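Structural overview
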Amino acid sequence: MSDVKHTPSEYTLEEYLQDVRSILSKESDPAVFTASIKPLSQRLAASPAMQDAAYRVCDEEQGFGAHLLHEEAQHELAVFMFAWLPGRGTPPHNHETWAVVTVVEGEEHETHFARNDDGSKAGYAELEKTSDGIMRAGDVSVCMPQGIHSVWNNSDELSISLHTYGKHINFTGRSSFDPEKNAEIPYLVTVEN
Ligand SMILES: [Fe+2]
């Protein structure tokens, strides 16, 4: 029995970074340049270069592993691989920077929220779920800096995704949210390396 498969083309992190830097040098609107970055993120996510056992390591306490592949001066243009344990995920959160995320392997349930308050009351936020869906390998999602979403691995298998941010997410002053308590909370993640 033949087992002929389409072989993903090799596309390295450095080639991706060069392409993304070129895009960012020509366009300043995140809504525009993230559309250009999306297919490149999908190409890198499918590349054999992104297959590494090290990226599968998770932090049991937080429910996922965040592996920093790259960041530039002032923590700009940060690229991570995230590995999500089955049944684990994140609370609703923003990024305070743009984000492009492509699933490499497995499933991720993404839920989007709208914020209904004006943000003027410290520690307070009113969120409303607006949409949700399941992302699978090759699917790509974009977040604007104030966009709020949660990501959850509802499957029985590990899931892996490639994340590109305008800035390392521990240096943007971003927040997580508890919609039940109408709470806004500073949000940092534990980074593996
Ligand atoms: Fe996120």
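Residue numbers restart at each chain and count upward from 1, following the sequence in its written direction. It should be noted that, the model being predicted, local features are given only for residues of pLDDT at least 70 and side-chain atom pairs only at 80 or more, the latter also being counted only at that level, while totals for whole chains, interfaces and linings use all residues. Values shown for side chains rest on all heavy atoms present in the structure; no hydrogens or waters enter the calculation.

**Let's talk about the coordination of the iron ion**
- Each protein donor to the iron ion is listed here as H93 (NE2), H95 (NE2) and H149 (NE2); together their distances run 2.1 Å.
- Look at where the donors of the iron ion fall in the sequence and you get H-x1-H-x53-H. Ligating atoms shown are N, O and S within 2.8 Å of the metal, or 3.2 Å for Na, K and Ca, and water is not included, meaning a site may look less than complete.

**Things to note about the sheet that holds strand β5 (residues 127–136)**
- Note: two strands are recorded as paired if DSSP finds a minimum of 2 bridges between them. Helix and strand assignments come from DSSP, with helices taken as H or I runs of at least 4 residues and strands as E runs of at least 2, each series counted from the N terminus. Pairing is antiparallel in the open sheet, where three strands are placed in the order β5-β4-β7. Lying at the two open borders of the sheet, with one neighbouring strand each, are β5 and β7 (148–152). Each strand of the sheet is rotated relative to its neighbour by a mean of 20°, with strand direction disregarded. Each axis is a line fitted through C-alpha atoms, and for a helix only the stretch in contact is used; angles between axes span 0 to 180 degrees, taken between their N-to-C directions.

**Remarks on the sheet that holds strand β8 (residues 159–167)**
- One open sheet accounts for five strands, arranged β1-β2-β8-β3-β6; its pairing is antiparallel. The open sheet has two edge strands with one neighbour each: β1 (64–70) and β6 (140–143). Recorded for the sheet is a direction-independent mean angle of 20° between the axes of neighbouring strands.
- Relative to β8, strand β3 (residues 99–105) runs antiparallel, the two sharing six bridges. For A99, the partnering residue across the bridge sits in β8 and is Y165.
- On the sheet, helix α1 (residues 13–26) packs against β1, β2 (76–84) and β8 and is oriented at approximately 135° with respect to β2.
- In this analysis, two residues are considered to be in contact whenever any of their non-hydrogen atoms come within 4.5 Å of each other. Together, β3, β6 and β8 form the strand contacts of helix α2 (residues 30–46), whose direction differs from that of β3 by roughly 25°.

**Here we look at the pattern of salt bridges**
- In the sections that follow, a salt bridge refers to a side-chain nitrogen of Lys or Arg positioned within 4 Å of a carboxyl oxygen of Asp or Glu. Throughout the structure, instances matching the rule amount to seven salt bridges.
- In this structure, K129 engages D132 in a salt bridge whose closest nitrogen and oxygen atoms are separated by 3.7 Å.
- Here the salt bridges share partners, and the residues they tie into one network are E14, R21 and E72.

It is worth stressing that arrangement in space is one thing and function is another; only the former is reported here.
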